Amino acid sequence: MAGCSCFGQTLRNAAPHLPVRQHITKRTAAAMAGRSAALCSSSSASHADNAETAAVTATGGSRGRDAFLTRVVTAKKTSFIRAWEESEKAKAENKAARRLASVASWENSKVAEIEAELKKIHEQLEMKNAAQAEKRKNSTAAVHRVAEEKRAAAVARRGEEVIAAEEAAAKYRARGQEPTRLFGLGHQQG
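Draft legend 1. Here's a closer look at the overall build of the chain. Along the chain, the regular secondary structure elements total four helices and two strands. Tracing the chain from N to C terminus, the helices and strands come up as α-α-α-α-β-β. By the burial criterion, 23% of the 190 residues in the chain qualify as buried. Sequence separation of at least 24 residues holds for 80% of the intrachain contacts in the chain that already meet a minimum separation of 6. Carbon and sulfur atoms provide 56% of the accessible area of the chain, an area that totals close to 13100 Å².

What follows is the structure in structure tokens.
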């Protein structure tokens, strides 16, 4: 292992001219010591990958590593925000679909009740058919009118929830923060 040019050995010899803070050097040296033993026994393909990583690290030092880690953290936050946004939009769409289904079910049951009542009255009271039919038809029209109002309210609420989710996602993106709640659960940052 004395003549091995593995990642840890290469990193120690590659950039002696770069200024390195003392506390980072100790941590890096401890981490590299463990990695160098594993890397020396690895295959030639992973050895080539490690040599490439060593070249990037040697040229950029801790700044290159910090920049890479910053990009990884930023990508992770962006991914969480995107997932949260899609989750919120899906929740809003699902709520709206449930509301619309509920309104349709309510409308169908009311119309069925009114039509059954209309038929019963028609059979029993043929003489009063015209007055009673007019009354029930007005009730049906009122039910349809109320159902249309409820549909409009459900669609408007869905739009508001989608817009609110988009605005919240934009705010999180602007601040570079992750949502505190993700998929309806508290999100632990780590």
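Following the structure, the description resumes.
Draft legend 2. Structural detail: the pattern of salt bridges. Under the counting rule described, the total for this entry stands at 10 salt bridges. R99 is paired through a salt bridge with E161; the nearest N and O atoms lie 3.7 Å apart. Taken as a pair, R99 in helix α3 (residues 44-124) and E161 in helix α4 (residues 129-175) lie far apart in primary sequence, 62 residues in all. We note a salt bridge from E161 to R157, for which the minimum N-O separation is 3.6 Å. Pair noted here: E161 and R157 are both in helix α4, with a separation of four residues, about one helical turn. With a relative accessible area of 43%, R157 lands in the partly exposed category.

Draft legend 3. Structural view of the packing of aromatic side chains. Evaluation of the coordinates by the stated rule reveals one aromatic pair. Seen in terms of ring centroids, W84 and Y172 are 5.3 Å apart; in terms of plane orientation they differ by 80 degrees. Their pairing is edge-to-face. On the criterion of sequence distance, the pair formed by W84 in helix α3 and Y172 in helix α4 is long-range, its members being 88 residues apart. Overall, the relative accessible area of 9% leaves W84 in the buried class. Over the face of the ring belonging to W106 we find K150, whose NZ or CZ atom lies 4.4 Å from the ring centre.

Cut-offs and rules
- Residues numbered from 1 in each chain as written.
- Predicted model: local features only at pLDDT ≥ 70, side-chain atom pairs only at ≥ 80, totals over all residues.
- Heavy atoms only, no water.
- Helix = DSSP H or I, 4+ residues; strand = E, 2+ residues; numbered from the N terminus.
- Buried < 20%, exposed > 50% of the residue type's maximum accessible area, 1.4 Å probe, protein only.
- Contact = heavy atoms within 4.5 Å.
- Areas by Shrake-Rupley, 256 points an atom, 1.4 Å probe, with all protein chains shown as cover.
- Salt bridge = Lys/Arg side-chain N within 4 Å of Asp/Glu carboxyl O.
- Phe/Tyr/Trp six-rings, centres within 6.5 Å; stacked < 30°, edge-to-face > 60°.
- Lys NZ or Arg CZ within 6 Å of the ring centre and 35° of its normal.

As far as function goes, none of this settles anything; it's purely spatial.
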